[in-house]
Amino acid sequence: MIDEDFVSLLLKGREYLSVLHQEDCLTLQSDPAHIIDLCTHLRDEQTFDLLADLTAIDQGEDASTRFIVVVHLYSLIHKSYLRIHVNCLDNLNPEVPSLSGVFPAANWHERETFDMFGISFTEHPNLKRILMWDEYPYYPLRKEFPLAGIEVPLPAADVSEVTGANVDPAPMMGGPFVSSSNGRLSEAEPRGKDESWTEDTEKLL
Amino acid sequence: MSKTVKEVQIGDVGAQAASRMDGDRMALNVGPSHPTTHGVLRLIMELDGDLITRCEPVLGYLHRGDEKIAENMTYNQFVPYTDRLDYLAPLANNVAYAITVEKLAGIELPERCEAIRVLVCEMARISSHLLGMGVFGMDAGAWTPFMYTFTEREKLYSLFEELTGARFTTSYTRIGGVARDLPEGWLSKVEKFVDELPQAIDEVEKLLTRNRIFLDRTEGIGTISKEDAIAFGITGPNLRASGVDLDLRKDRPYSGYEKYEFDVPIGTRGDCYDRYLVRIEEVRQSILIIKQVIASMPGGLWYAEDAKKIFAPPKEQIMTNMEELIQNFMIVTEGPQIPPGEVYFEAENPKGALGFYLVSKGGGVPYRLKIRAPSFCNLSILEKLVPGHMLSDITVILGSLDFVMGECDR
């Protein structure tokens, strides 16, 4: 059972660990240096052996801790989840030790987190992009990245040489109905029409 | 002994892969557009004769940035995007997403709404497994079962159409309820369908389950051990085929699943054949659940009436009452108001555990929505599973894993 005893036993002798809340599941906060020890302990001693999910949150450029890596573990014995927040210490070059040695499932999740947020997982066996192509220069899930995308060269250099094509931002900022979580929602009203072109200016294609 | 194979450029993959002979090894590219891969999965394999010595999956050909999109629209606006995750079971995705947001908002749903959701989830499971079994037979060389399963899926699609207005992209749930109540007489049609379905399943079983060729092609192929299955985060029928008893409908019941009696089929060897057997049995169990839901379908409302800031009232009230008009206007323009916090919820979808990790900072738009796609995790074992098999086994292994790239790439 995940009860008070479980929590106090887990916290005992681990000063780097604290409980954030227990709303939907036990949520711990750990520092990056001890995350491998902690996860090995949880896997071997506490039956949290299924890595359900690994991802990150971008708190915005102004936040004191910009990137938080979030790990969800599941225990088949307790039938319960456990969440670990790991704050990345450096906002410019975020780095967290890789969990792929503890959970093979972390391999792809960490590649995706690296791909989308630019968080490096040290000691990862194959840290390269997984959803975007290898030469892609941006980290799309960072908050400053626009929804429409940014113009970049095509991944196939031989094709773009012949056609002159490249990857363009989406028209209408990514769709007619957009309401961003930044700023006031009423100012980001759903737009009904594409305002990037009018009768006077040609549509950019 | 081990020679590294260079990354193949995207431009003229086929020609390059075919012409590259690296000593006695050959690099073979499969996909991204190939009937075996059931979508746009690409595999770069290193072959020693017919034996696969290395396999590297390449993903991302169907990446649409759903998580970025979610950060830029209100909660209800994202429902149609969930259709396009596992597009073979959109109803189950709708339900999983709605429950996640409702958990954070702390909404209690009426019994009827929960029962409707269980019903559509199980119908989605049947639909997805029928396709999974049909194309799996086809991957192993048996055309006919596919015809039987697709005839049944067609009937299901007609039922979905009557319920939601769409055959494929259903968008049936709203935060705090479902889009509309069950149409009159619809339940009896579902009952007729589940009464007739076992005969079609029996036909498929007659054609496949004891078929010598099918057995030879699937038994002992693509065996995943219990330990590997857990270590690689595999979920759903693929995990249960390896002998792990994990079904979130039983272990962490949601939407009232604890009220219904059903068994969870478990495999013993974890090979391709076991994965097929588990799916067949899951369809039979889903039929049982559907029958129980229909027999005990509660009356009452199909949306949470108390959740005034979350669920828009019925249309006739909006048109006649000022209060409801304002309520509807606020929900449409500002989005359902969800309190700040974080929540992680996994639902037992046909492909495995579909998880949503939602971070809210208040207001009508998610701050971060991570989609934990079962197909993504299930495919991550390919690098370990495929080497050591013959080239002809790759179709069977991929077919038995029953993945969907729309969900994998998001």
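Residues numbered from 1 in each chain as written. Chains lettered and ligands numbered in written order. Predicted model: local features only at pLDDT ≥ 70, side-chain atom pairs only at ≥ 80, totals over all residues.

Looking at this model, I keep getting lost on the overall build of chain B. Mind explaining?
Looking only at helices and strands, chain B has 18 helices and 9 strands in total. Relative to a compact globule of 410 residues, whose C-alpha radius of gyration would be 22 Å, chain B shows 22 Å and is just as compact. When its C-alpha atoms are laid out on the principal axes, chain B stretches across 80 × 45 × 35 Å. Relative to its 410 residues, chain B shows a buried fraction of 52%. (Helix = DSSP H or I, 4+ residues; strand = E, 2+ residues; numbered from the N terminus. Rg over C-alpha atoms; globule rule 2.2 N^0.38 Å. Buried ≥ 20, exposed ≤ 12 C-beta atoms within 10 Å, placed from the backbone.)

Sorry, what's going on with the overall build of chain A here?
Looking only at helices and strands, chain A features 4 helices and 9 strands. Its helices and strands taken in sequence order, chain A reads α-β-β-α-β-β-β-β-α-β-β-α-β from the N to the C terminus. By residue count, 31% of the 205 residues in chain A fall in the buried class. For chain A, long-range pairs separated by at least 24 residues make up 43% of all intrachain contacts whose partners lie at least 6 apart in sequence. (Contact = placed C-beta atoms within 7 Å.)

Whenever I open this one, the nonpolar core confuses me. Can you help?
Note that soluble globular proteins tend to have their nonpolar side chains buried in a common cluster. Judged by nonpolar contacts, the single largest core of 157 residues is most densely connected at A:Val69 and A:Leu73. Considering each element in turn, this core owes the most residues, 14 residues, to helix H5 (residues 111-139) of chain B. The contacts of A:Leu73, once residues within four sequence positions are left out, are A:Leu42, A:Phe48, A:Leu50, A:Leu51, A:Ala52, A:Tyr81 and A:Leu82. (Core = buried A, V, L, I, M, F, W, Y, C linked by C-beta atoms within 7 Å.)

What should I look at first to understand the sheet that holds strand E8 (residues 352-360) of chain B in this one?
Sheet strands pair by backbone hydrogen bonding; their relative direction is either parallel or antiparallel. Residues and elements named next belong to chain B. Read across the open sheet, the 3 strands follow the order E7-E8-E9; overall the sheet is antiparallel. Of all the strands in the sheet, just strand E7 (341-349) and strand E9 (368-372) have a single pairing partner and so form its edges. On average, each strand axis in the sheet is inclined to that of its neighbour by 10°, with strand direction left out of account. Sheet topology places E7 next to E8; 9 bridges connect them, and they run antiparallel. Each residue of the ladder has a partner; that of Glu348, found in E8, is Ala353. Strands E7 and E8 of the sheet are contacted by helix H4 (residues 90-105), whose axis makes an angle of about 150° with E7. (Pairing = 2+ DSSP bridges. Axes fitted to C-alpha atoms, helices over the stretch in contact; angles between N-to-C directions.)

Which parts of the structure should I look at to understand the domain arrangement of chain A?
By the assigned domains, chain A splits into domain 1 (4-145) and domain 2 (146-191). Contacts between the two partners involve 6 residues from domain 1 of chain A and, on the opposite side, 4 residues from domain 2 of chain A. (Domains from an automatic or database assignment.)

Which parts of the structure should I look at to understand the environment of B:Val58?
All names here are of chain B. For Val58, the position within the fold is in strand E4 (residues 51-58). Take Val58: there are 19 C-beta atoms within 10 Å of it, and that puts it in the partly exposed class. As for Val58 and Gly31, which are separated by 27 residues in sequence, their C-alpha atoms are 9.3 Å apart.

Please explain the pairing of strand E3 (residues 50-58) of chain A as it appears in this structure.
Two faces, one strand: in a regular strand the side chains alternate between the faces of the sheet. Residues and elements named next belong to chain A. Among the 9 residues that make up E3, 9 are buried, leaving the element largely enclosed by the rest of the structure. Pairing analysis gives 8 bridges linking E3 to strand E4 (residues 67-75), with the strands arranged antiparallel. Across the sheet, Leu51 pairs through a bridge with Leu73, a residue of E4.

Would you mind going over H4(B) with me for this structure?
Residues and elements named next belong to chain B. Here H4 contains 16 residues, and its C-alpha end-to-end distance of 23 Å stays within 8% of the 22 Å for a straight helix at 1.5 Å per residue. For H4, the buried fraction is high: 15 of the 16 residues fall into the buried class. Positive backbone phi, at 70°, marks Gly106, one or two positions downstream of H4. (Expected span 1.5 Å × (residues − 1).)

Sorry, what's going on with the confidence of the model for chain B here?
Note that predicted coordinates carrying low pLDDT should not be read in detail. Chain-level statistics for chain B give a pLDDT mean of 87 and a share of 94% at 70 or above. For this predicted complex, the interface score ipTM comes out at 0.84, alongside a pTM of 0.87. (pLDDT = per-residue confidence, 0-100.)

Which parts of the structure should I look at to understand the interface of chain A and chain B?
Accessible area lost upon the coming together of the parts serves often as the stated size of an interface. With 39 residues of chain A at the interface, the matching set in chain B holds 43 residues. Elements that contribute at least two residues to the side of chain A that touches chain B include exactly E3, E4, strand E5 (80-87), helix H3 (106-117) and helix H4 (157-163) of chain A. It is E3(A) that provides the largest number of residues to the side of chain A that touches chain B, a total of 6 residues. Across the side of chain A that touches chain B, the residue classes break down as 24 nonpolar, 8 polar and 7 charged. (Nonpolar A, V, L, I, M, F, W, Y, C, P; charged D, E, K, R; others polar.)

In this structure, what is going on with the sheet that holds E3(A)? I would like to understand it.
Residue and element names in this part refer to chain A. As summarised here, the arrangement of the 5 strands in space is E1-E2-E5-E4-E3, forming an open sheet in which the pairing is mixed. Pairing within the sheet leaves two strands with one partner each, and these edge strands are strand E1 (18-21) and E3. Across the sheet, the mean angle from the axis of one strand to that of its neighbour is 25°, orientation sign disregarded.

In this structure, what is going on with the domain arrangement of chain B? I would like to understand it.
Residues and elements named next belong to chain B. Each assigned domain of chain B is listed with its residue range as follows: domain 1 (13-58) and domain 2 (66-304 + 337-409). Computed from C-alpha coordinates alone, the two centres of domain 1 and domain 2 are separated by 30 Å. Facing 15 residues of domain 1, the contacting portion of domain 2 comprises 16 residues. When residues of the side of domain 1 that touches domain 2 are assigned to their parent elements, the largest contribution, 7 residues, is made by E4. Class assignment for the residues of the side of domain 1 that touches domain 2 results in 7 nonpolar, 5 polar and 3 charged.

Is there a simple way to think about the pairing of E9(B) in this case?
Burial runs high along E9(B): 5 of the 5 residues are buried. In E9(B), alternate side chains face the same way, and those of B:Arg368, B:Lys370 and B:Arg372 on one face and B:Leu369 and B:Ile371 on the other are all buried.

I would appreciate a short explanation of the packing of H5(B) against helix H17 (residues 393-401) of chain B in the present structure.
Residue and element names in this part refer to chain B. Running from amino to carboxyl end, H5 crosses H17 at an angle of 175°, the nearest separation of the two axes being 9 Å. Overall, the two elements H5 and H17 adopt an arrangement that is roughly antiparallel. When H5 is examined against H17, the residues Val135, Phe136 and Asp139 are found in contact with a partner set consisting of Thr395, Val396, Gly399 and Ser400. The class makeup of the residues in the contact of H5 with H17 is 3 nonpolar, 3 polar and 1 charged. (Parallel < 35°, antiparallel > 145°, perpendicular 65-115°, else oblique.)

Just to check I follow, could you spell out the environment of B:Ser242 for this structure?
Residue and element names in this part refer to chain B. Inspection of the secondary structure puts Ser242 in the loop between helix H10 (237-241) and helix H11 (248-251). Sequence separation between Ser242 and Ile266 is 24 residues, and the spatial gap between their C-alpha atoms is 7.4 Å. If we skip the residues at most four places from it in the chain, Ser242 touches Ile224, Ser225, Lys226, Ala229, Gly267 and Gly270.

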